[in-house]
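Listed here are the chains, written in short residue letters.
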Amino acid sequence: MTTTSMSKERLLFNGADWDFPTLQRVHDACEEIALGELGLDVYPNQIEVITSEQMLDAYSSTGMPLFYRHWSFGKHFAHHEAFYRRGMRDLAYEIVINSSPCISYLMEENSATMQTLVIAHAAFGHNHFFKNNYLFQLWTDADGILDYLNFAKSYIARCEERYGEVEVERTLDAAHALMSHGVHRHAGKTKVDLRDEERREQERRVHEEQVFNDLWRTVPAGKKRTAADVGLEKRRLALGLPQDNILYFLEKSAPLLQPWQREILRIVRHVAQYFHPQRQTKVMNEGTATYVHYRIMNRLHERGQISDGNFLEFLKSHANVVFQPNYDDRRFSGFNPYALGFAMMQDIERIVTAPTEEDRAWFPDIAGKGDAMSVLRDIWADYRDESFINQFLSPNLIRQLRLFHLYDDPEQEEGILVSAIHDERGYRRIRRQLSREYDIGWIDPGIDIVDVDLAGDRRLLLRHNVTNDWFLQEADTKLVLQHLANLWGYEVLLQEIDSSNEVVKEHTASPRKPLQ
Amino acid sequence: MHIVDRRLNPRGKSLENRQRFLRRAKSAVQQAVKRSLQSRNIRDVLDGGEITLPIDGLTEPGFRRGEGGISDQILPGNRAFVEGDIIPRPPGRSGGRPKEAGEGDGEDGFRFVLTREEFLDVFLDDLELPDLAKRRLTETEEESPVRAGYSVSGSPSNIAVGRTTRMAMMRRIALRRPRIQEMEALRREIGECEDDEKRLALEAKLKALTEKSRRIPYIDPLDVRYRRFESEPKPVAKAVMFCLMDVSGSMSEHMKDLAKRFYLLLYLFLSQRYKKVEIVFIRHTDKAEEVDEETFFYGPATGGTLVSSALAAMRTIVAARFDPAEWNIYAAQASDGDNSYSDGTMTGQLLRHEILPLCQYFAYIEVGEEDSDSSVSRSPLWTLYEGIRAEQVPLSMRKVCRRNEIFPVFHDLFQKRDAQSKVAP
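This one's a predicted model, so the numbers in the text were calculated from it and none came from an experiment.

### Re the interface of chain B and chain A
By a widely used convention, the size of an interface equals the accessible area lost when the partners come together.
Then, in step 1: In this complex, chain B contributes 63 residues to the contact, which on the side of chain A involves 98 residues.
Then, in step 2: Carbon and sulfur atoms make up 53% of the area that chain B and chain A hide from each other, which totals about 7,900 Å².
Then, in step 3: Considering only the side of chain B, the residues that lose the most area to chain A are B:Phe63, B:Arg65 and B:Ile74, jointly responsible for 13% of the buried surface there.
Then, in step 4: Seen at the junction of chain B and chain A, the total is eight salt bridges.
Then, in step 5: A salt bridge links B:Arg20 to A:Glu165; the nearest nitrogen and oxygen atoms lie 3.8 Å apart.
Then, in step 6: If you look at where chain B meets chain A, you find 34 residue pairs in polar contact (both at pLDDT 80 or more).
Then, in step 7: Of all the secondary structure elements, the ones that give two or more residues to the side of chain B that touches chain A are strand E1 (2-5), helix H1 (15-24), strand E3 (71-75), strand E4 (86-87) and strand E5 (110-114) of chain B.
Then, in step 8: Split into classes, the residues belonging to the side of chain B that touches chain A amount to 21 nonpolar, 18 polar and 24 charged.
Then, in step 9: In this sheet, E4(B) lies alongside strand E5 (residues 416-420) of chain A in antiparallel orientation, the contact comprising two bridges. The residue bridging A:Ile416 from the neighbouring strand is B:Ile87, located in E4(B).

Here it is in structure tokens:
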């Protein structure tokens with residue numbers, strides 16, 4: 001410890017108090033380390049100091065600084081506030097927004113150490129992740145989001161003036177109910193380039209000529225397609241079916257919606273899409289931010305810019321953040337994304353800098369590469385939780401966390417099967433299973449709009465592909481379908497289909513009154 | 001990097017959302033408020049408070065998976081298991097899925113805090129003041145200007161001279177403007193001075209002082225202050241509430257407590273409807289006196305019972321201080337129902353011909369012991385009032401024995417009615 005050389009002047013602050021010059025100094029010191037030593041690449045930072053009440057506000061409107069009005073945000077506010085007041089839960093230390101400039105909220109109650117931690121965590125960790133991860137680059141527009149939210153807010157306020165709060169609320173309620181099915185999950189087809197298409201067609205023909213074998217002619221053909229089948233296919237194609245983005249489909253094709261209602265659906269859909277990458281990268285995003293703050297805080301301490309006492313304070317809250325209770329602990333409520341993410345980042349650093357034989361066998365690409373930061377930066381840019389875990393959860397970490405796999409089939413009378421543990425046979429299975437738990441496509445029920453009976457009663461047909469006997473929850477589904485029917489304007493039928501394509505369960509709903 | 005201090009931004013950004021939520025949850029909130037009242041005393045009610053809401057009708061549905069499927073789960077912290085172990089399910093739970101992550105704080109019946117205003121609004125929402133005739137006046141308010149300190153801008157007619165000279169003096173002293181007497185003295189000294197050299201020095205000093213006094217004016221525009229006025233709404237209709245209580249020996253603490261609760265409710269209710277509510281406390285034994293609140297509820301007194309004395313006292317006070325043309329007069333009388341036998345006629349006369357014509361509303365609460373049965377007893381006062389009530393006057397009466405009956409009775413008395421229907425139940 002360099003206590004003697006640690007002159008008072010080097011310290012960024014002393015004790016727990018801070019003022020605005022302190023924040024500036026802290027930010028600059030963090031920036032030096034983040035950009036200079038860790039090689040991070042961030043949006044410009046904007047740091048906003050707010051009160052706890054404002055933090056609650058921000059919380060309740062999904063963390064956004066400005067948002068349209070809706071009763072559900074009031075409900076969440078009341079809920080959070082009740083918890084906070086009774087001291088049952090602390091407020092988050094920070095909220096950070098994926099925008100450019102990247103806005104981080106700091107609570108005024110935080111001590112100087114906490115502010116430093118938050119700046120390192122949010123203004124550099126999250127910020128870097130937002131700017132560089134491919135999902136965020138693909139799906140979000142950091143430059144435009146604040147303007148867009150501003151537009152959304154005033155647009156919806158104008159609608160309320162014109163069409164009445166009740167009507168707007170009905171539309172918003174319906175849109176919110178379908179929000180989880182209002183995102184494009186795939187980047188979709190790129191526009192067809194005719195020249196390109198022609199070239200590909202030629203290549204295909206050449207290939208077919210090369211591999212031509214007359215014997216194929218003798219293979220019995222499938223059922224001939226009837227005219228009705230072809231008609232059906234055409235109709236589906238025209239409507240872009242099947243479609244898993246229900247809100248998008250309604251916005252484009254629902255026959256009875258007013259233009260302003262379509263715009264509201266669009267707004268809700270855009271918001272859902274904006275948050276979609278965050279849902280897919282919880283572990284990575286928090287892992288990155290936690291890893292970054294840990295590195296920065298340690299460096300600040302090494303450089304004598306944070307006193308021993310303040311560093312201890314930091315270590316204590318850091319330990320709280322990355323605490324992972326065991327499954328039989330009363331505090332256990334699933335995996336803590338901070339803990340898992342941070343542990344994996346540290347594990348990767350270890351594999352890159354000091355690999356064992358096992359690591360070399362499992363991770364030939366990165367083991368012993370030496371430069372942890374460059375490997376991590378690439379990983380942060382190119383993965384999401386599911387692929388990240390599937391690729392980088394190491395046997396070492398599985399042992400360390402003593403992970404095991406429970407397989408629970410309700411048909412099985414005796415009980416729950418421990419189907420894998422942290423041993424040679426279990427590593428891959430555990431890794432695959434855990435990664436699956438972070439796959440949104442696997443967690444969210446897969447529901448597609450498959451058909452509309454345009455010639456007949458215009459009934460909308462949806463399908464839910466049931467996996468592992470997980471049917472939809474009755475009561476909720478009924479409510480959502482009701483909303484859907486109200487928007488669509490005609491009857492709606494949802495079929496639940498098991499793996500053998502049999503319809504097992506059906507839900508229907510008719511519109512209460514056409515939304516006019 | 002930018003640092004922005006947002007702490008002074010307008011607060012309560014979520015207020016609108018919160019109100020929308022309450023509006024939406026109105027019926028549920030009303031139920032919850034009523035339920036919470038039964039377990040609380042009235043002082044706490046004044047503070048608003050926490051209520052529990054069932055979450056029905058406030059759900060935000062979404063497509064979710066139900067129960068009963070096959071589940072796979074990875075958990076941390078294995079110590080004892082090896083592959084192939086079978087863990088028996090805990091009894092009483094089919095489809096034993098361990099609690100899912102994030103299910104921590106269940107939302108069914110979630111609790112939150114209402115502010116005092118919100119609470120009162122909900123609490124008194126479906127109640128209505130009887131006899132709306134004068135109440136209409138409350139909606140036409142007069143505005144009158146009220147002094148509200150000083151401001152740096154305003155019209156010349158509002159210049160606050162005293163304040164302005166005071167500000168000027170403060171500035172002059174702070175900036176050390178040379179005083180006029182000082183310069184006069186210097187000038188005199190120069191006139192008297194013989195020595196040239198000394199005079200030059202004095203003249204230079206005088207010049208400096210003159211310049212300084214020019215730089216620092218006697219009165220600067222900065223000093224000027226204006227009287228500021230704010231217009232304050234002035235309710236035209238005012239309400240006065242008379243609390244009449246029998247404090248004779250037969251009234252137990254429990255009975256007084258019941259009465260007090262009723263008065264508090266009435267006061268709350270009136271103050272929600274009128275900007276200005278006066279309260280007059282009249283207690284009586286065999287003679288009545290006007291007292292303050294403390295004495296009214298807690299002061300000891302003994303004696304016989306003459307209800308007419310209280311009514312007479314009320315009449316006198318109204319005549320002296322509360323002109324019925326200007327005031328809405330409400331009265332609430334609490335008594336155990338005892339009255340001196342000889343006083344019956346007198347009381348009836350007073351009430352029928354003097355008091356009731358003055359009143360918007362007269363509520364009579366007969367309080368009883370906790371274990372007594374309110375429906376059977378027929379006290380002298382009850383019988384008397386019942387006779388009067390038959391004449392379609394703004395008089396209502398109820399019997400109360402237990403604390404938790406207070407609110408229902410109150411609620412019952414002040415229920416919203418059709419504009420036509422008469423007050424007396």
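### A few points about the side chain of A:Asn98
All names here are of chain A.
Then, in step 1: With respect to the secondary-structure elements, Asn98 resides in the loop between strand E2 (94-97) and strand E3 (102-107).
Then, in step 2: According to the relative accessible area criterion, Asn98 is buried, its value standing at 1%.
Then, in step 3: Separated by 3.2 Å, the side chains of Asn98 and Thr140 make a polar contact.

### Some words on the pattern of salt bridges
Then, in step 1: Counted under the stated rule, the structure contains 38 salt bridges over all chains.
Then, in step 2: Its salt-bridge partner being A:Asp41, residue A:Lys131 comes within 3.0 Å of it at the nearest N-O pair. Linking A:Lys131 in helix H4 (residues 112-132) with A:Asp41 in the loop between helix H1 (20-37) and strand E1 (45-50), this pair joins segments that are 90 residues apart in sequence.
Then, in step 3: A salt bridge links B:Arg283 to B:Glu289; its shortest N-O distance comes to 2.9 Å.
Then, in step 4: A relative accessible area of 38% places B:Glu289 in the partly exposed class.

### Describing the sheet that holds E1(B)
Then, in step 1: Overall, mixed pairing links the four strands, which are arranged E2(A)-E3(A)-E1(A)-E1(B) in an open sheet. The two strands at the open ends of the sheet, each matched to only one other strand, are E2 of chain A together with E1 of chain B. Averaged over all adjacent pairs, the angle separating strand axes in this sheet is 20°, with direction ignored.
Then, in step 2: Pairing analysis gives four bridges linking E1(A) to E1(B), with the strands arranged parallel. Its bridge partner lying in E1(B), A:Val49 is registered against B:Asp5.

### Things to note about the pairing of strand E7 (residues 460-465) of chain A
All names here are of chain A.
Then, in step 1: Pairing between strand E6 (residues 447-452) and E7: five bridges, direction antiparallel. Of the residues in E7, the one forming a bridge with Asp448 is Arg463.
Then, in step 2: Here E7 runs beside strand E8 (residues 492-497); their pairing, made up of six bridges, is parallel. Counterpart to Leu462 in the pairing with E8 is Leu494.
Then, in step 3: Regarding the hand of the β-α-β motif, the stretch spanning E7, helix H21 (residues 474-488) and E8 is right-handed.

Reading guide: rules and limits
- Residues numbered from 1 in each chain as written.
- Chains lettered and ligands numbered in written order.
- Predicted model: local features only at pLDDT ≥ 70, side-chain atom pairs only at ≥ 80, totals over all residues.
- Heavy atoms only, no water.
- Contact = heavy atoms within 4.5 Å.
- Buried area = accessible area lost by both parts, 1.4 Å probe.
- Salt bridge = Lys/Arg side-chain N within 4 Å of Asp/Glu carboxyl O.
- Polar contact = N/O pair within 3.5 Å; in protein donor to acceptor, adjacent residues only side chain to side chain.
- Helix = DSSP H or I, 4+ residues; strand = E, 2+ residues; numbered from the N terminus.
- Nonpolar A, V, L, I, M, F, W, Y, C, P; charged D, E, K, R; others polar.
- Pairing = 2+ DSSP bridges.
- Buried < 20%, exposed > 50% of the residue type's maximum accessible area, 1.4 Å probe, protein only.
- Axes fitted to C-alpha atoms, helices over the stretch in contact; angles between N-to-C directions.
- Right-handed = clockwise from strand over helix to strand, strands pointing away.

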